[in-house]
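Take a look at the letters that make up each chain.
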Amino acid sequence: EIAFLYALENMSQTKSKKELEQKYPRLFSLPFDSDRKLMSSINRINNETIVIVKGAPDILINKCINLSSKETNELKSKIQEWSNNSYRVLMIATKKIALSNLDELKTLTNNELYNLVENKLDFIGLVAMIGPPRETSKESIKLCLKAGIRPIMITGDNINTAIAIAKELGIYHEGDLAIDGTKLKELSDEELFKNIEKYSVYARAIPEDKIRIVHAWQKKNQVVAMTGDGVNDAPALKAAEIGCAMGITGTEAAKEASDMILADDNFSTVVKAVENGRSIYQKIKNVIQNLLITSIAEIILVFFGLIIFKLIFKQEIISNIKNDPNFDLYILSATQLLWINLFTHGFPAIALGLQESKENYMNDKPIPKNQSIFAKGMGINTLWQGILMGILSLIGYYLGAKLAIQQNMTQKFVEYGSTAAFLILGICATFNAINLMSKKPLILQNPLFYWKVYLSVFISLFFLFIVSFINKINSAFKITSDLLTNSKLILISLGIPLVLIPIYFIHKIILMTIKQHQKTNNKR
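These numbers were taken from a predicted model, which means no experiment stands behind them. (Residues numbered from 1 in each chain as written. Predicted model: local features only at pLDDT ≥ 70, side-chain atom pairs only at ≥ 80, totals over all residues. Heavy atoms only, no water.)

With that settled, consider the layout of surface pockets. Considering only enclosed or pocket space, the second largest pocket measures out at about 1,800 Å³ in volume. Residue lining of the second largest pocket: 46 residues in total, with Glu359, Asp364, Lys376, Lys439 and Lys515 positioned closest to the centre. Within the residue set of the lining of the second largest pocket, elements represented by two or more residues are helix H14 (267-312), helix H17 (378-406), helix H18 (413-436) and helix H22 (500-523). Ranked by residue count, the leading element in the lining of the second largest pocket is H22, at 11 residues. Classifying every residue of the lining of the second largest pocket gives 11 nonpolar, 19 polar and 16 charged. (1 Å grid on protein atoms, 1.4 Å probe; cavity = no way out; pocket = protein on both sides within 12 Å on 5 of 7 lines; lining within 4 Å. Points joined across faces, edges and corners; volume = space filled by probe spheres on them. Helix = DSSP H or I, 4+ residues; strand = E, 2+ residues; numbered from the N terminus. Nonpolar A, V, L, I, M, F, W, Y, C, P; charged D, E, K, R; others polar.)

Printed below as a string of structure tokens:
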């Protein structure tokens, strides 16, 4: 309407929208909708009542009566040329109507209004507009494709315009298909489901089309994220697993129907949110794995230790029971277990949750929605690492207890064994946190980047050694006061955990080699 009014003014001094609206007041309007793909306005212009219609050229061109076949073909050729060059094309048409009373229009039904106002028009002109895609959008779509995310364009534009823009953005590739709303309507739900993966562009789409597209992808067991801003987008936003409404241009209906609101209306922000979400998910996995590994080790040490060592040290137990009615065989005291859970679990777990990662999670495929958190080797790794730590602690307990017997301190064999197991389990837990902070071996990591984890390990070890080596404090934890003076016990307690370093190193080298081999095969 405004474009037409500006054309009326031609070279006059009246330039602003406000002045034009005052000079040519709007009497009545028919708002745009996705079914008609038109918007109409009735204005008073030079004492005449003029209908001004703008909208999709492929719809409006059939409603113009002042065009010959030759002119129609020339216009269609020009529209296609502009559309192929990423222009959004609007057509403008007008007509005079005899209208004595506006109230006459209010008594008509919508269909009667549309037939009266939007038919038998005179072609005025075409308007070509271009809104070049943001450079950040192109890069973000590349990231999506690397991350296994399939971007789909659903638009109200002409199909040629949509394909041109989709090609420029990297959404539409050779071999992909595009379809407009008319042809999509002719497809059954079964046909759409069968071919849904072939379509990258949907043009002239109506709200019902968007719902069908979302449901078809969901039947493929895919997680669907939908962006939109209009009232007509609300049903599709509601149906998708992740509905994302525009925060700036979005309507209240779209925002209410969505799961999240994009504050800056920028697609790049969506991709950054995906990347951030994947990073957070990995942090959660690291924290859970860290806690579970140590917990499995504790269960193996305490449960199996009581059974095994009652059999191994049966004679010593009988001997001590005769001499000391208060004697009790324990693996770890309650205070020792509490200390490990508070400090060797606590600080590293917090650090793993806060630590940033150098891993590029956008190179990985999306995680299936029904996939367990223990998939992709996490469950197996958690189990064997927890069992390994438990076995090392059991070995430490046995060697500590045997050392006490060999040094004629049979009365202290439980204390020696418990001391060794406590230190080994605590040190192994801190090594485990360092192992989980990166997928690369220790020698390939930058300690300064992972300073949070290293600081947490230092704090954990500091408190572990405080309660182990300082007299009077260690007695509260049932740790032998001979620890500082017994070099063999120190060697057992501090030496056995070092076995983890080469094991973890070899494990990561093997995993890196397998991953590299898989990448090479995928490229082929």
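So that's the structure; there's more coming.
Applying the stated criterion across every chain, the model contains 16 aromatic pairs. Taking 5.6 Å as the distance between ring centres and 40 degrees as the angle between the ring planes, the aromatic pair formed by Phe343 and Phe347 counts as tilted. With a gap of 4 residues between them, Phe343 and Phe347 both fall in helix H16 (residues 334-354), about one helical turn apart. Take Phe347: its relative accessible area is 29%, and that puts it in the partly exposed class. Among the aromatic side chains, those forming a connected cluster through ring pairs are Trp339, Phe343, Phe347, Phe458, Phe462, Phe463 and Phe477. Over the ring of Phe449 we find Lys358; its NZ or CZ atom is 4.8 Å from the centre of that ring. Over the ring of Tyr330 we find Lys478, and its NZ or CZ is 4.8 Å from the ring centre. (Phe/Tyr/Trp six-rings, centres within 6.5 Å; stacked < 30°, edge-to-face > 60°. Buried < 20%, exposed > 50% of the residue type's maximum accessible area, 1.4 Å probe, protein only. Lys NZ or Arg CZ within 6 Å of the ring centre and 35° of its normal.)

A few words now on the environment of Leu27. Relative to the assigned elements, Leu27 resides in strand E1 (residues 26-30). Residues Leu27 and Thr49 lie 22 residues apart in sequence; the distance between their C-alpha atoms is 8.7 Å. Residue contacts for Leu27: discarding those within four places in its chain leaves Ile42, Asn43, Arg44, Thr49 and Leu102. (Contact = heavy atoms within 4.5 Å.)

What follows deals with the pairing of strand E3 (residues 48-55). For a regular strand, the rule is simple: side chains alternate between the two faces of the sheet. The element E3 is largely enclosed, with a buried count of 6 among its 8 residues. Of the strand pairs in this sheet, strand E2 (residues 38-45) and E3 are connected by 8 bridges, and their pairing is antiparallel. The partner of Leu38 across the bridge, within E3, is Gly55. Between E2 and E3, which pair antiparallel in sequence order, lie 2 residues; one of them, Asn46, sits at a positive phi of approximately 55 degrees. Note: E3 against strand E4 (residues 88-96), 6 bridges, orientation antiparallel. If you follow Gly55 over to E4, its bridge partner there is Met91. (Pairing = 2+ DSSP bridges.)

Turning to the pairing of strand E9 (residues 225-228), a few remarks are in order. Residues of E9 alternate between two faces, with Met226 and Gly228 buried on one and Ala225 and Thr227 left unburied on the opposite face. For E9 and strand E10 (residues 242-246), the ladder comprises 4 bridges, and the chain directions are parallel. Each bridged residue has a counterpart across the sheet, and for Gly228 the counterpart in E10 is Ala245. Crossover E9 to E10 through helix H12 (residues 234-239) is right-handed. (Right-handed = clockwise from strand over helix to strand, strands pointing away.)

Across the sheet, which stays open at both edges, the 3 strands sit in the order E9-E10-E11 with parallel pairing between neighbours. Sheet topology places E9 and strand E11 (260-262) at the edges, where each strand pairs with a single neighbour. On average, adjacent strands in this sheet sit at an angle of 25 degrees to one another, irrespective of strand direction. (Axes fitted to C-alpha atoms, helices over the stretch in contact; angles between N-to-C directions.)

Take the sheet that holds E4 next. Across the sheet, which stays open at both edges, the 5 strands sit in the order E1-E2-E3-E4-E5 with antiparallel pairing between neighbours. Each end of this open sheet is capped by a strand with a single partner; those strands are E1 and strand E5 (122-129). Averaged over all neighbouring strand pairs, the angle between strand axes comes to 20 degrees, with direction disregarded. The sheet strands contacting helix H4 (residues 69-84) are E4 and E5, and the helix crosses E5 at an angle near 15 degrees.

Glancing now at the pattern of salt bridges. Considering all chains together, one arrives at 13 salt bridges under this definition. Residues Asp233 and Lys210 are paired through a salt bridge, measuring 2.3 Å at the closest nitrogen-oxygen approach. Taken together, the positions of Asp233 in the loop between E9 and H12 and Lys210 in helix H11 (residues 207-219) put the pair 23 residues apart, joining distant regions of the chain. Residue classification places Asp233 among the buried positions, given a relative accessible area of 9%. Exposure remark for Lys210: the relative accessible area of 13% places this residue in the buried category. Connected via shared salt-bridge partners are Asp33, Arg36 and Glu118. (Salt bridge = Lys/Arg side-chain N within 4 Å of Asp/Glu carboxyl O.)

Let us look at the state of the cysteines. For the structure on display, the rule yields 0 disulfides. Free of any disulfide, Cys244 has its nearest cysteine sulfur in Cys144, 12 Å distant. (Disulfide = S-S within 2.5 Å.)

What follows concerns unusual backbone geometry. Positive phi, normally seen in glycine, also occurs at Lys120, with a value near 55 degrees. Counting through the fold element by element, Lys120 comes out in the loop between helix H6 (110-117) and E5. Residue classification places Lys120 among the exposed residues on the basis of a relative accessible area of 63%.

To continue, consider the side chain of Asn266. Locating Asn266 in the fold gives a position in the loop between E11 and H14. In terms of polar contacts, Asn266 uses its side chain to reach the backbone amide nitrogen of Ser268, at 3.0 Å. Contacts of Asn266, omitting those with residues within four sequence positions, involve Arg134 and Thr136. (Polar contact = N/O pair within 3.5 Å; in protein donor to acceptor, adjacent residues only side chain to side chain.)

All right, on to helix H19 (residues 451-469) then. For H19, with 19 residues, the first-to-last C-alpha span of 26 Å sits near the 27 Å given by 1.5 Å per residue. Buried within H19 we find Val453, Ser456, Val457, Ser460, Leu461, Leu464, Val467, Ser468 and Phe469. Packing partners of the buried residues in H19 comprise H16, H18, helix H20 (473-476) and helix H21 (487-495). (Expected span 1.5 Å × (residues − 1).)

The next point concerns the nonpolar core. Residues Leu332, Met389, Phe413, Phe422 and Leu500 are the most contacted members of the largest nonpolar core, which totals 60 residues. Looking at this core, the elements that each hand over two or more residues are H14, H16, H17, H18, H19, H21 and H22. Among the elements that take part in this core, H18 stands out by supplying 16 residues, more than any other. (Core = buried A, V, L, I, M, F, W, Y, C linked by side-chain atoms within 4.5 Å.)

All quantities given are derived from atomic positions and should not be read as evidence of function.
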